[in-house]
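Residue-level listing of the chains:
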Amino acid sequence: MHCLFGLNVESELPLPLPSTEGNADVLVTLGEVDRGDDILWRTGPHLHITCSRRGRTIVLDWPTARFAIEPGRVVVQATDPEFAGHLLLQAIWSVVLDAHGRPSLHGTAVERDGCAVGILGRSGSGKSTAALALLDRGWRLVADDVLTFDDTERVVPGPPFVRLRADRAVDRIGTFDAGGKLRYYPAACPDRVPLAAIIVHVEGQDSRVRLVGMTAAAELIRQTDSPVPAHPAQARHAFDLALDVAGRVPIYAVPPRSLTAALLEEIVMDNET
Amino acid sequence: MSFRVPTHVHHRALHDEAVLLDARSDAYLGLNQTGALAWEILAAGGSPDSAVDALVTAFDVDRERARTDVAVLIETLLARGLLEPTRT
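So, here's what we can say about the structure.

### Considerations on the packing of helix α3 (residues 213–223) of chain A against helix α4 (residues 234–248) of chain A
Residues and elements named next belong to chain A.
Part 1 of the reasoning: Across the interface, α3 lies against α4 with an axial gap of 9 Å and an inter-helix angle of 130°. Accordingly, the angle class assigned to the pair α3 and α4 is oblique. As for how α3 packs across α4, the hand of that crossing is right-handed. Where α3 abuts α4, its residues Ala216, Ala217, Leu220 and Ile221 lie against Ala238, Ala242, Leu243, Val245 and Ala246.

### Some thoughts on the interface of chain B and chain A
Part 1 of the reasoning: In this assembly, 13 residues from chain B lie in contact with 13 residues from chain A.
Part 2 of the reasoning: In total, about 1,300 Å² of surface goes out of reach between chain B and chain A, with carbon and sulfur atoms giving 69% of it.
Part 3 of the reasoning: Interface area lost by chain B to chain A is led by Arg12(B), Leu14(B) and Tyr28(B), which between them contribute 46%.
Part 4 of the reasoning: Salt-bridge contacts for Arg12(B) lead to Asp240(A); the nearest nitrogen and oxygen are separated by 3.1 Å.
Part 5 of the reasoning: Of all the secondary-structure elements, those providing two or more residues to the side of chain B that touches chain A are β2 (9–14), β3 (17–22) and β4 (27–31) of chain B.
Part 6 of the reasoning: Residues belonging to the side of chain B that touches chain A are distributed by class as follows: 6 nonpolar, 4 polar and 3 charged.

### Side note on helix α2 (residues 127–135) of chain A
Part 1 of the reasoning: By the criterion of burial, α2(A) is predominantly enclosed, with 7 of the 9 residues buried.
Part 2 of the reasoning: Among all positions in α2(A), only Lys127(A), Ser128(A), Ala130(A), Ala131(A), Leu132(A), Leu134(A) and Leu135(A) are buried.

### Quick word on the sheet that holds β2(B)
Residue and element names in this part refer to chain B.
Part 1 of the reasoning: The sheet built from 3 strands is open, its strands ordered β2-β3-β4 with antiparallel pairing. Strand pairing shows two members of the sheet lacking a second neighbour, β2 and β4, which therefore form its edges. Across the sheet, the mean angle separating the axes of adjacent strands is 20° when strand polarity is ignored.
Part 2 of the reasoning: As judged from the 5 bridges shared by β3 and β4, these two strands associate in the antiparallel manner. When the sheet's bridge partners are listed, Leu21 is paired in β4 with Tyr28.

### So, α4(A)
Part 1 of the reasoning: In a regular helix each residue adds 1.5 Å, so 15 residues correspond to 21 Å; α4(A) covers 21 Å between its end C-alpha atoms and thus fits that length.
Part 2 of the reasoning: Along α4(A), the residues classified as buried are Gln234(A), Ala235(A), Ala238(A), Phe239(A), Asp240(A), Leu241(A), Ala242(A), Leu243(A), Val245(A) and Ala246(A).

### Focus: unusual backbone geometry
Part 1 of the reasoning: Backbone geometry places Asp145(A), a non-glycine residue, at a positive phi of 80°.
Part 2 of the reasoning: We note that Asp60(B) has phi near 55°; this positive angle belongs to a residue other than glycine.
Part 3 of the reasoning: Mapped onto the elements of the fold, Asp60(B) is located in the loop between α2 (48–59) and α3 (63–79).

What counts and how
Residues numbered from 1 in each chain as written. Chains lettered and ligands numbered in written order. Predicted model: local features only at pLDDT ≥ 70, side-chain atom pairs only at ≥ 80, totals over all residues. Heavy atoms only, no water. Axes fitted to C-alpha atoms, helices over the stretch in contact; angles between N-to-C directions. Helix = DSSP H or I, 4+ residues; strand = E, 2+ residues; numbered from the N terminus. Parallel < 35°, antiparallel > 145°, perpendicular 65-115°, else oblique. Left-handed = near helix turned anticlockwise from the far one by under 90°. Contact = heavy atoms within 4.5 Å. Buried area = accessible area lost by both parts, 1.4 Å probe. Salt bridge = Lys/Arg side-chain N within 4 Å of Asp/Glu carboxyl O. Nonpolar A, V, L, I, M, F, W, Y, C, P; charged D, E, K, R; others polar. Buried < 20%, exposed > 50% of the residue type's maximum accessible area, 1.4 Å probe, protein only. Pairing = 2+ DSSP bridges. Expected span 1.5 Å × (residues − 1).

Right, dumping it as structure tokens:
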């Protein structure tokens with residue numbers, strides 16, 4: 001049994017996660033998966049992913065792995081189990097979380113002295129670089145890629161590693177995953193922690209700005225962009241998450257790739273209570 | 001005349017503003033401080049005149065300007081299906 005972003009998972013697919021005890025919220029089994037009848041979307045031409053629905057089951061289909069997703073069960077058909085495990089940890093799990101009515105944000109959270117900062121943004125915007133800069137200064141990892149929250153808006157810990165592109169992985173020790181990134185294991189925070197601030201990398205932003213009201217909520221809603229309609233009230237859940245978090249946590253917009261460790265620490269210190 | 005919020009509309013106050021979600025289309029609408037105050041009154045079943053009174057009191061605007069703002073807001077909300085008249 002493993003715990004993945006707050007849900008206990010019993011998996012026939014090997015997962016690079018610590019063991020835990022308890023009852024399973026989600027079973028991951030290996031088996032045949034048929035495509036859904038109702039195609040919801042597909043990507044292309046270079047990245048081939050199809051999303052379809054069969055009854056209440058969401059089917060996500062990569063060339064080497066297919067997943068049938070229901071709230072309590074994920075069936076995996078894979079020619080490459082390692083790649084399937086890699087997909088399960090992030091892309092598939094955000095859909096599972098949505099199916100449980102728990103939307104997530106696309107970002108990374110790091111913690112020091114019981115207080116965390118969330119760094120959000122699209123892939124390539126500088127999240128991992130900024131988080132790594134803090135981890136190198138003694139901060140601890142809470143979650144990478146997927147931020148999910150408990151009822152009091154504390155961040156729920158994720159897998160204890162950060163995935164680094166090869167050019168950022170120089171001189172770091174870890175293991176390369178099936179997606180070609182290095183799993184780097186920094187010091188990890190095992191506890192749920194409150195956020196002192198959220199920083200969002202926003203394209204076109206030319207300076208650091210504190211976001212309030214609808215602007216803050218809209219930016220968080222953009223970061224919950226789950227393209228898979230896994231739950232009938234998904235938009236409502238994302239709406240509630242964004243407004244809960246924006247009402248409690250200061251949100252800043254910054255230009256992509258602009259964050260330094262010193263600036264991040266300054267923002268956190270300004271907002272620590 | 002009074003209004004109510006349709007069941008497909010979810011709304012929350014945030015930092016003196018209001019954010020509305022149309023669950024049919026997943027579209028969002030943000031209202032600024034004055035719009036949020038008028039929305040709060042209209043959404044609770046208050047009349048347009050009550051909303052005008054509240055704007056005049058809270059923001060020191062002249063009544064005619066407040067009346068126009070409330071009328072435009074109501075027209076926008078009705079057109080987007082975010083508010084509907086109460087049938088009496």
